[in-house]
Amino acid sequence: MTALTDLGIAAIRNGVRDGDFSAREVAEAFNAAVAAAKPLNAFLVETPEHALAAADAADAARAAGEVLKPMAGVPIGMKDLFCTKGVPTTAASHILEGFTPEYESTVSQNLWNAGAGMLGKLNLDQFAMGSSNETSYFGNVISPWRRNDGGNAPLAPGGSSGGSSSAVAARLAPGATGTDTGGSIRQPAAFVGISGIKPTYGRCSRWGTIAFASSLDQAGPMARDVRDCAIMLEAMAGFDAKDATSLDLPVPNWEAQLNASLAGKRVGIPKEYRVDGMPAEIEALWQQGIAWLKDAGAEIVDVSLPHTKYALPAYYIIAPAEASSNLARYDGVRYGLRDLPEGANLQEMYARTRAEGFGNEVKRRILIGTYVLSAGFYDAYYTQAQKVRTLIARDFERAWDVCDVLLTPTAPSAAFALGEKSADPLAMYLNDVFTVPSSLAGLPAMSVPGGVDAAGLPLGLQVIGKPLDEQGVLNAALALEERAGFTARPAKWW
Amino acid sequence: MADASTPFRIKGATGDWEVVIGLEVHAQVSSNAKLFSGAATTFGAEPNTQVSLVDAAMPGMLPVPNRECIRQAVRTGMAIDAQINKWSRFDRKNYFYADLPQGYQISQLYHPLVGEGAVEIEVGDDTKTIGVERIHVEQDAGKLMHDQHPTRSYVDLNRSGVALMEIVSRPDMRSPAEAGAYLTKLRSILRYVGSCDGNMDQGSMRADVNVSVRKPGDEFGTRTETKNVNSIRFVMQAIEHEAARQVDVLEAGGTIVQETRLFNPDSGTTRSMRSKEDAHDYRYFPDPDLLPLELDDAFLDECRTSLPELPDVKRARYEGLGITPYNAQVLTAEVESARWFDTLLDAGAKPVTAANWVTSELFGALNRLGKSIGDSPVTPGQAAELLALVADGTLSGSLAKQVFEAMLETGDAPGKIVEERGLKQTSDTGAIEAVIADVLAKNPGQLEQYRSGKVALFGFFVGQTMKAMGGKANPAVVNDLLKKALG
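Bear in mind that the values here come from a model prediction, so they are computed numbers and not experimental data.

Chemist: Could you give an account of the overall build of chain A, naming the residues involved and the relevant values?
Modeler: If you tally the helices and strands in chain A, you get 15 helices and 11 strands. A globule of 494 residues ought to have a C-alpha radius of gyration of about 23 Å, and chain A, at 21 Å, matches this closely. In terms of its C-alpha atoms, chain A occupies a principal-axis envelope of roughly 65 × 55 × 50 Å. The burial tally for chain A puts 64% of its 494 residues in the buried class. Counted over contacts in chain A with a minimum sequence separation of 6, partners at least 24 positions apart contribute 77%. Put simply, chain A shows about 16600 Å² of open surface, and 53% of that area lies on carbon and sulfur atoms. In chain A, 42 positive and 53 negative side-chain charges are present, and the distance between their average locations comes to 2 Å.

Laid out in structure tokens, this is it:
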């Protein structure tokens, strides 16, 4: 029999429902896996009792003959960007160390309402700023993967949802929440060989999620496969009156409508995503993906998204601008860290608290954001970046005239070793080159594993869809998944 | 006050100076909840008892616009005939200060809810139109208290996030009196609309006063801004002081520095708070947590139809009823008085008589008692009844005064007082004739003198008759019957 921790969300849900095993057994198995995986540093806080309580509730409901909730008996990992009532929430920062919210984020509450339990709070790049999970105040998350070259270089699990990607790939959780601002669900999913979808901006409430860049932040699921992502996204999404940017629309029944046949569908291949210096393996995988989608019945069309090359610079103006403002509230006055040396005045308290509390990457972005919003530079940077954003959105709108979804690689490389890029912020930012444009346009986009590179490391393919067409994205991703038959998994070394 | 036809001038050593005034009025929107959270807004609550997670800027909290605050700002704009922008947008104004928990204030710099409008004022016999450039909606900040602890500042976030309308005038005012008249009129309009209670002493309305001086006809001079002045009188004082100070500086060969100043009510003077050089570098950008505000026609129609009759229109209507312009002005200046008077008219009182009675008798009495019309012991219904008793001859003028005094004391209806105290006027000719006969019989000397030509004694007989009847006789009937009896 397969170990319970090898099961994904659908398998657990069905198994609990059908009485193949109890939810408590599942929770206990994952709790044990979490406890035994300290070397990965994926979890900041473990909450085995939360997972057990949800499991017991599921088992009790089943015993009482009730219809089980959509995620009854499924324990998950919660990215530590989501505020969880009574459980410390730090966004992997020092400035929020010791902060325990008295409220529950809408997304996490939705998941509990769907019957899910929480295994713990997952590590991430500090305030979700990073592409390698090396900016956490509480240490790097290590990818469970190793290169097959015999070297044991610890690899980056991607960022910012690196704790989430690592936990799911290492079978510490069947699914985990992620947040995606410029690719923070898709890039880590690609790095560890799992699936992750960022839905249309506004599908998931941002209420109770610690803000990075408000106009971009969007929660989404990270799981083993497309079906699991569909199940979990259904549980997470929904209109929330507490978020003014939340979409007042019903949540579609994505799982029920999964369909891997793409007959009659047109898949666009954007030529601008063929970037200089992209490894041949990525290019080859992309071609393979095209062949798979053709095989699924899709027609392939070439499209042009001419403003793609401006997306990354625009993103690295807009996101830090919003971040500099969103992070102003961490001032040492109401919660979290407060550094007030003897005799210091208010100004000095702010300065000391923020100097101590924020890591280098966060400070870098606050400074960039403050600069681009300052009176003399606002038009040159921020206004210009917003114009670019509009042009990028228009590129996509034009593309939808000729195709239904787009297929691109998820990231320009496989996972790199920790430390390899951390000294070069610009090289690090390039990781997001394929994920950022769809974020700027607020579009649904998903990464699914397509294969491995020469070093045996996973590579992801990205499907980008029209606004609100998560179904189209999931279906195309499912078609890829079925043909890729990706079964590689990291050897357990931890 | 000076004759309005003579422009207000400051006499300087180098000649006359003109003062140019613009006002930014911050008016707290009357609503039960804050602009972007559900927290309450009651004045005078214990510190930090009206603070939601959003107001305290807890991690992950998001603002959601309060429809009622938007509605009130739109109605206010409509009341000053302003352009209502169906598309407006909230911006963040970023700057660090401990009274600002989010580190920014949500305001509307680039696309305000309300555009150009105007307020008509009267100074002396002149009317003048003061332009309003815009009204935007924004959050109030919290309050910092520095005097509670030797080394700490205390923060009270009760006001943080409360909705304010910033009503920005054009620099159209030219004297402290005009500024006073503008504020008075604006406050009156806000109270009519019900969008702000206008209570300056509670901070729900305050003004930033922009003042510059120039030689008449010159270009605008450099202005200073005196922040947060909280009474109309102080605004006028601040202008007077600041204008005189600027003239002194300029005449001494100095230049005016654009700066923010504070008004000291105790000394009536202003002092520098911060100059432009160390002013905050506000960083503005559209608030990404909020979508642009888009208003539909149904919402605007509802706002428009919910507007009450406004002071100028009401005043014209009163004048059309024959009420004197002065009385019409007095009755419409404050919404409470106007409402009271309208109820009185609705109860059937004759407009002119009612206006005279309200402005003299009622307002006089309230003044004496130190009460406002809002807590008048006499209701409009009771006043209508009193006026009706005078009109139908039941009460004479003097009896009416007696009854009114009793009404003020007891709060009873006039009919009840008349009944209980037997104050009804009598026109019973038989009874009056009997009393007259008695008076004439008792005063043979005066009768003799009257008949021999001293007709001025007629008043004496009227007085005696009225006195004998306890003041309740109908004076007209007494006159008629006396004339008859005296031949």
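After that view of the structure, there is still more to cover.
Chemist: Summarise the nonpolar core; cite the residues concerned and give the values.
Modeler: A:M71, A:L111, A:F127, A:L172 and A:L407 are the most contacted members of the largest nonpolar core, which totals 174 residues. The element best represented in this core is helix 9 (residues 311-326) of chain A, accounting for 10 residues. In this view, A:L407 contacts A:V267, A:G268, A:I269, A:P270, A:W286, A:G289, A:I290, A:L293, A:L461, A:Q462, A:V463 and A:L480; residues no more than four positions away in its chain are not counted. Ranked by size, the runner-up nonpolar core spans 105 residues in total, among them B:F341, B:L366, B:L386 and B:F404.

Chemist: Explain the packing of aromatic side chains to me, using residue names and the numbers behind them.
Modeler: Describing an aromatic ring pair means giving the distance of the ring centres and the angle of the ring planes. Taken as a whole, this structure holds 28 aromatic pairs over all chains when the rule is applied. With a centroid separation of 5.6 Å and 75 degrees between ring planes, the pair formed by A:Y382 and B:F285 is classed as edge-to-face. Here the residue A:Y382 occupies a position in helix 12 (residues 378-399), and B:F285 occupies one in strand 15 (residues 283-286), the pair thus bridging two chains. Both residues of the pair, A:Y382 and B:F285, belong to the buried class. Look at A:W493 and A:W494: their rings are 5.6 Å apart centre to centre, the planes differ by 90 degrees, and that puts the pair in the edge-to-face class. Residue A:W493 is classed as partly exposed on the basis of its relative accessible area of 29%. In textbook terms, an aromatic cluster arises when at least three aromatic residues are bridged by ring pairs, as seen for A:Y378, A:Y382, B:Y95, B:Y110, B:Y282, B:Y284 and B:F285. For the cation-ring pair, B:K93 lies above B:Y282, with the distance from its terminal atom to the ring centre recorded as 4.3 Å.

Chemist: Any chance you could break down the interface of chain A and chain B for me, citing the residues and the numbers?
Modeler: Across the contact, 36 residues belong to chain A and 31 residues belong to chain B. Between chain A and chain B lies a buried interface of about 2800 Å² when both sides are counted; carbon and sulfur atoms form 61% of it. It is A:Y103, A:A244 and A:R329 in chain A that bury the most area against chain B; as a group they hold 21% of the surface buried on that side. In this structure, the salt-bridge partner of B:D289 is A:R206, at a minimum N-O distance of 2.8 Å. In this structure, the connection of chain A to chain B is made through 14 residue pairs in polar contact (both at pLDDT 80 or more). Of all elements in the fold, only helix 9, helix 10 (346-357), helix 11 (360-373) and helix 12 of chain A reach the threshold of two or more residues within the side of chain A that touches chain B.

Chemist: Please set out the side chain of A:E104 residue by residue, giving values where relevant.
Modeler: All names here are of chain A. Relative to the helices and strands, E104 is located in the loop between strand 2 (75-79) and helix 4 (106-113). One buried charged residue, E104, remains without a salt bridge, the closest side chain of opposite sign being K121 at 7.2 Å. Side chain to side chain, E104 and S108 meet in a polar contact 2.6 Å long. A distance of 2.8 Å separates a polar atom in the side chain of E104 from a polar atom in the side chain of W112. Ignoring any residue separated from it by four or fewer positions in sequence, one finds E104 in contact with C83, T84, K85, Q109, W112 and W207.

Chemist: Could you give an account of the packing of helix 5 (residues 311-320) of chain B against helix 6 (residues 325-332) of chain B, with specific residues and numbers?
Modeler: Residues and elements named next belong to chain B. The interhelical angle for the contact between helix 5 and helix 6, taken along N-to-C directions, is 145 degrees, at an axis separation of 9 Å. Classified by chirality, the crossing of helix 6 by helix 5 is right-handed. Two secondary-structure elements touch here, helix 5 through P311, K314, R315, Y318 and E319 and helix 6 through P325, A328, Q329, L331 and T332. Residues of the contact of helix 5 with helix 6, tallied by class, amount to 5 nonpolar, 2 polar and 3 charged.

Chemist: Mind laying out the sheet that holds strand 15 of chain B, listing which residues take part and the relevant values?
Modeler: All names here are of chain B. Pairing is antiparallel across the open sheet formed by 3 strands, whose spatial order is 5-4-15. Two strands bound the open sheet, and with one partner strand each, they are strand 5 (104-107) and strand 15. Geometrically, the sheet is characterised by an average inter-axis angle of 25 degrees between neighbouring strands, direction not taken into account. As judged from the 4 bridges shared by strand 4 (residues 91-94) and strand 15, these two strands associate in the antiparallel manner. When the sheet's bridge partners are listed, D91 is paired in strand 15 with P286.

Chemist: Describe the packing of helix 9 of chain A against helix 11 of chain A, listing the residues and the values that go with them.
Modeler: When two helices pack together, their arrangement is captured by the angle between the axes and the distance separating the axes. All names here are of chain A. At a minimum axis separation of 7 Å, helix 9 and helix 11 run at an interaxial angle of 100 degrees. Comparing the axis directions of helix 9 and helix 11 gives the class roughly perpendicular. Across the interface between the two elements, Y316, I317, P320, A321 and S324 of helix 9 pack against R365, I366, I368, G369, T370, V372 and L373 of helix 11. Of the residues that constitute the contact of helix 9 with helix 11, the class distribution is 8 nonpolar, 3 polar and 1 charged.

Chemist: Would you mind going over unusual backbone geometry in detail, with residue names and values included?
Modeler: The omega torsion across A:G159 and A:S160 is 5 degrees, close enough to zero to call that bond cis. Topologically, A:S160 is positioned in the loop between strand 3 (117-122) and helix 5 (162-169).

Chemist: Any details on helix 12 (residues 429-442) of chain B? Residues and values, ideally.
Modeler: Residues and elements named next belong to chain B. In this model, helix 12 (14 residues) spans 20 Å end to end at C-alpha, consistent with the 20 Å of a helix rising 1.5 Å per residue. Those residues of helix 12 that sit buried are I432, V435, I436, V439 and L440. End-on, the buried residues of helix 12 take up no more than an arc of 135 degrees, which puts them together on one face. Away from the buried face of helix 12 by more than 90 degrees, exposed residues A441 and K442 are located. Backbone nitrogen of G430 and a side-chain oxygen of the N-cap are separated by 3.0 Å at the start of helix 12; the cap is D428.

Chemist: Describe the pairing of strand 11 (residues 205-214) of chain B, listing the residues and the values that go with them.
Modeler: The two faces of the sheet receive side chains in turn, since in a regular strand these alternate between them. Residue and element names in this part refer to chain B. For strand 11, a buried count of 10 out of 10 residues is recorded, marking the element as mostly surrounded by other parts of the structure. With burial as the criterion, each face of strand 11 is covered, one bearing M205, A207, V209, V211 and V213 and the other bearing R206, D208, N210, S212 and R214. Two strands pair when backbone bridges link them, and strand 2 (residues 15-28) and strand 11 are joined in this way by 10 bridges, in the antiparallel orientation. By the bridge assignment for strand 11, G22 is matched with N210.

Chemist: Give a description of the pattern of salt bridges that names residues and reports values.
Modeler: One side chain can pair with another of opposite charge once the charged atoms of both are near each other. If you walk through the whole model with that rule in mind, you get 56 salt bridges over all chains. Between A:D180 and A:R186 there is a salt bridge, and its shortest N-O distance comes to 2.8 Å. With respect to class, A:D180 is no different from A:R186; both count as buried. We note a salt bridge from B:R245 to B:E242, for which the minimum N-O separation is 2.7 Å. Linking B:R245 with B:E242, this pair stays in helix 3 (residues 232-251), spanning 3 residues, or about one helical turn. Among the ionic contacts, a cluster of salt bridges with common partners joins A:R206, A:D243, B:R92, B:D287 and B:D289.

Chemist: Explain the environment of A:P250 to me, and be specific about the residues and the numbers.
Modeler: As for its position among the elements, A:P250 is in the loop between helix 7 (226-236) and strand 7 (266-270). A:P250 sits 47 residues away from A:R203 along the chain, and the two C-alpha atoms are 9.4 Å apart.

Chemist: Account for the side chain of A:T308, naming residues and giving values.
Modeler: All names here are of chain A. Along the chain, T308 falls in the loop between strand 8 (299-303) and helix 9. One polar contact links the side chain of T308 to the main-chain carbonyl oxygen of L305, over a distance of 2.6 Å. If we ignore the near neighbours within four places in the chain, the residues touching T308 are E272, Y273, D395 and P437.

Calculation notes
- Residues numbered from 1 in each chain as written.
- Chains lettered and ligands numbered in written order.
- Predicted model: local features only at pLDDT ≥ 70, side-chain atom pairs only at ≥ 80, totals over all residues.
- Heavy atoms only, no water.
- Helix = DSSP H or I, 4+ residues; strand = E, 2+ residues; numbered from the N terminus.
- Rg over C-alpha atoms; globule rule 2.2 N^0.38 Å.
- Buried < 20%, exposed > 50% of the residue type's maximum accessible area, 1.4 Å probe, protein only.
- Contact = heavy atoms within 4.5 Å.
- Areas by Shrake-Rupley, 256 points an atom, 1.4 Å probe, with all protein chains shown as cover.
- Lys, Arg positive; Asp, Glu negative; His and termini not counted.
- Charge placed at Lys NZ, Arg CZ, Asp CG, Glu CD.
- Core = buried A, V, L, I, M, F, W, Y, C linked by side-chain atoms within 4.5 Å.
- Phe/Tyr/Trp six-rings, centres within 6.5 Å; stacked < 30°, edge-to-face > 60°.
- Lys NZ or Arg CZ within 6 Å of the ring centre and 35° of its normal.
- Buried area = accessible area lost by both parts, 1.4 Å probe.
- Salt bridge = Lys/Arg side-chain N within 4 Å of Asp/Glu carboxyl O.
- Polar contact = N/O pair within 3.5 Å; in protein donor to acceptor, adjacent residues only side chain to side chain.
- Axes fitted to C-alpha atoms, helices over the stretch in contact; angles between N-to-C directions.
- Left-handed = near helix turned anticlockwise from the far one by under 90°.
- Nonpolar A, V, L, I, M, F, W, Y, C, P; charged D, E, K, R; others polar.
- Pairing = 2+ DSSP bridges.
- Parallel < 35°, antiparallel > 145°, perpendicular 65-115°, else oblique.
- Expected span 1.5 Å × (residues − 1).
- Arc of directions from axis to C-beta.

The quantities given are spatial measurements derived from coordinates; they are silent on function.
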